[in-house]
Amino acid sequence: MKFRPLHDRVVVRRLNAEEKTRGGIIIPDTAQEKPMEGEIIAVGAGSRNEAGQIVALDVKEGDRILFGKWSGTEVKLDGEELLIMKESDIMGVVEGSPAPKAAAKGKAA
């Protein structure tokens, strides 16, 4: 199924949260908070300004973003749980990728 969000809405796939703490304690699913980081998989065309012109969104498909804990509406499309939210619910775009944790541990040891 294809889904196209309207106006200034985006469809977000949550990124998996860490299942272990830094100390190695495994966190059960029931105690984990839902991650507030995700990847945009679809964007709307944009919102209209007062002159009636469409203003494009600042985010695009593939961007990694941070959003508020209670942002968006959860939906299930093709068996996958996704979020639909307005662009204004997005706090920022995560640029670059974090350093691999395994490499960081190896250098410190």
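Preceding this paragraph is the structure being described.
What counts, and at which threshold
- Residues numbered from 1 in each chain as written.
- Predicted model: local features only at pLDDT ≥ 70, side-chain atom pairs only at ≥ 80, totals over all residues.
- Heavy atoms only, no water.
- Helix = DSSP H or I, 4+ residues; strand = E, 2+ residues; numbered from the N terminus.
- Buried < 20%, exposed > 50% of the residue type's maximum accessible area, 1.4 Å probe, protein only.
- Core = buried A, V, L, I, M, F, W, Y, C linked by side-chain atoms within 4.5 Å.
- Contact = heavy atoms within 4.5 Å.

*Asks:* Looking at this model, I keep getting lost on the environment of Arg4. Mind explaining?
*Replies:* Secondary-structure assignment places Arg4 in the segment before strand E1 (9-14). Exposure remark for Arg4: the relative accessible area of 63% places this residue in the exposed category. Linking Arg4 and Gly44, residues 40 residues apart in sequence, is a C-alpha distance of 6.6 Å.

*Asks:* Sorry if this is basic, but what is going on with the nonpolar core here?
*Replies:* Generally speaking, nonpolar side chains in soluble globular proteins are found buried as a group. Ranked by size, the top nonpolar core spans 10 residues in total: Val10, Val12, Ile40, Leu57, Val59, Ile65, Phe67, Leu83, Met85 and Ile90. Among the elements of the structure, E1, strand E5 (64-67) and strand E7 (80-86) are those that each provide at least two residues to this core. What Ile40 contacts, discounting residues up to four positions off in sequence, is Val10, Val11, Val12, Val59, Lys60, Glu61, Gly62, Asp63, Ile65 and Ile90. Val11, Ala42, Leu77 and Leu82 belong to the second-largest nonpolar core, a separate cluster that totals 5 residues.

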